[in-house]
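These are the residues of each chain, in order.
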Amino acid sequence: MQIQRLEEFQIDNNLQQLIRDLLGECFSEYPEDRSYFRQLPDFRYLAWKEQQLAAHMGVEHRIINNDGQLSRIFGIIDLCVAPLFQHQKLATKMLHLLEQLAMDHGIDFLVLVAKEDDFYTLNGFQVVDNRCRWLVIHDDQTFGITSRSLHQSLLVKATGEMQWRPGLTDFLGHIF
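Residues numbered from 1 in each chain as written. Predicted model: local features only at pLDDT ≥ 70, side-chain atom pairs only at ≥ 80, totals over all residues. Heavy atoms only, no water.

Would you mind showing me how to read the environment of Gln-52 here?
Residue position: Gln-52 is located in strand β3 (residues 52–66). Gln-52 sits in the partly exposed class, given a relative accessible area of 41%. As a C-alpha pair, Gln-52 and Ala-82 span 30 residues in sequence and 9.8 Å in three-dimensional space. Leave out the neighbours within four places in its chain, and Gln-52 touches Ala-47, Leu-84 and Phe-85. (Helix = DSSP H or I, 4+ residues; strand = E, 2+ residues; numbered from the N terminus. Buried < 20%, exposed > 50% of the residue type's maximum accessible area, 1.4 Å probe, protein only. Contact = heavy atoms within 4.5 Å.)

Explanation requested: the packing of aromatic side chains in the structure shown.
The description of an aromatic ring pair rests on the distance of the ring centres and on the angle between the ring planes. According to the stated counting rule, one finds 8 aromatic pairs in the structure shown. Each ring, one from Phe-109 and one from Trp-164, has its centre 5.0 Å from the other, and the planes form 90 degrees; the classification is edge-to-face. Taken together, the residues span a long stretch of sequence, with Phe-109 in strand β5 (residues 109–113) and Trp-164 in the loop between β9 (154–158) and β10 (169–174) at a distance of 55 residues. For Trp-164, a relative accessible area of 14% translates into the label buried. Ring pairs connect the aromatic residues Phe-27, Tyr-30 and Phe-37, which therefore count as one cluster. One residue, Arg-5, lies across the ring of Phe-43, its end atom 5.9 Å from the ring centre. (Phe/Tyr/Trp six-rings, centres within 6.5 Å; stacked < 30°, edge-to-face > 60°. Lys NZ or Arg CZ within 6 Å of the ring centre and 35° of its normal.)

What's the story with the side chain of Lys-157 in this structure? I'm lost.
Inspection of the secondary structure puts Lys-157 in strand β9. Within the structure, Lys-157 has its side chain in polar contact with the side chain of Glu-99 (distance 2.8 Å). Apart from residues lying up to four places away in sequence, Lys-157 is in contact with Glu-99, Asp-108, Phe-109, Leu-110, Asn-123, Gly-124 and Phe-125. (Polar contact = N/O pair within 3.5 Å; in protein donor to acceptor, adjacent residues only side chain to side chain.)

Can you help me understand the nonpolar core in this one?
Met-57, Phe-74, Ile-76 and Leu-98 are the most contacted members of the largest nonpolar core, which totals 38 residues. Elements with a minimum of two residues in this core: α1 (13–26), β2 (43–49), β3, β4 (69–81), α2 (90–104) and β5. Looking at this core, the element that brings in the most residues is α2, giving 7 residues. If we ignore the near neighbours within four places in the chain, the residues touching Phe-74 are Phe-43, Val-59, Glu-60, His-61, Leu-98, Leu-101, Ala-102, Ile-107, Phe-109, Leu-110 and Val-111. Ile-73, Phe-109, Val-111 and Leu-150 belong to the second largest nonpolar core, which has 15 residues in total. (Core = buried A, V, L, I, M, F, W, Y, C linked by side-chain atoms within 4.5 Å.)

Just to check I follow, could you spell out a nonpolar patch on the surface for this structure?
A grouping of Ile-63, Leu-70 and Leu-172 is seen on the molecular surface, where their side chains present a nonpolar patch of about 280 Å² in accessible area. Among the residues examined, Leu-172 registers a relative accessible area of 48% and is labelled partly exposed. (Patch = residues over 30% accessible without salt bridge, like charges linked within 9 Å, V, L, I, M, F, W, Y side chains within 5 Å. Areas by Shrake-Rupley, 256 points an atom, 1.4 Å probe, with all protein chains shown as cover. Salt bridge = Lys/Arg side-chain N within 4 Å of Asp/Glu carboxyl O.)

Is there a simple way to explain the pattern of salt bridges in this structure?
As a working rule, side chains carrying opposite charge can pair if their charged atoms are close by. For the structure on display, the rule yields 5 salt bridges. Of the charged contacts, one joins Asp-140 and Arg-34 as a salt bridge, the two residues approaching to 2.7 Å between their closest N and O atoms. Of this pair, Asp-140 sits in the loop between β7 (131–138) and β8 (141–149) while Arg-34 sits in the loop between α1 and β2, and the two are 106 residues apart along the sequence. Under the relative-accessibility criterion, Asp-140 is labelled exposed at 55%. Residue classification places Arg-34 among the buried residues on the basis of a relative accessible area of 14%. We note a salt bridge from Arg-62 to Glu-60, for which the minimum N-O separation is 2.5 Å. On the basis of relative accessible area, Glu-60 is assigned to the buried category, the value being 5%.

How do you make sense of the pairing of β5 when you look at a structure like this?
Moving residue by residue along a regular strand, the side chains alternate between the two faces of the sheet. With 4 of 5 residues buried, β5 lies mostly within the body of the structure. Viewed along the sheet, the connection from β4 through α2 into β5 turns out right-handed. Judged from the 5 bridges that link them, β5 and β9 form a sheet pairing that is antiparallel. Bridged to Val-113 within β9 is Leu-154. (Right-handed = clockwise from strand over helix to strand, strands pointing away. Pairing = 2+ DSSP bridges.)

Just checking my understanding: could you explain the pairing of β8 for this structure?
Here β7 pairs with β8 via 8 bridges, running antiparallel. In the sheet register, Val-136 faces β8, and the bridge partner there is Gly-144. The hairpin formed by β7 and β8 contains 2 residues between the paired strands, and Asp-139 there has a positive phi angle of roughly 50 degrees.

What follows is the structure in structure tokens.
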């Protein structure tokens, strides 16, 4: 199994189609016509078994405001493994690669939103219940800004010395 990291601009049409197919297979409500949900990620990790795309993880790199402290984060998007390749620790390997990249480059936290948190808590993430603010995007349009709790769906993992704070977390853009 080979895992590669690609910047979004390096992904050609054929690879976008493979990513769309995998995302559609793993997420029943995923838009059929694109390889992203609301916005393009900055880069992706892709796992391959020969010529077959086995797993995917999108990543956004940005600054967020966590209770008054600016934090450099990698936001994790659409982590999935094709059913044929599940239970081979591919998702865990991709998370470890991202965590190492974060530690090597001064990223403070890995952040994601997920309804099912067991896999992530087993990989060192903690569920936090901050009130959050973000830009609302729906059907490729900006609708405004919202502020609310994500009801135990926000997960974080520190990759540096900074401590996560319990107050308002402003994503300074859309939620991933």
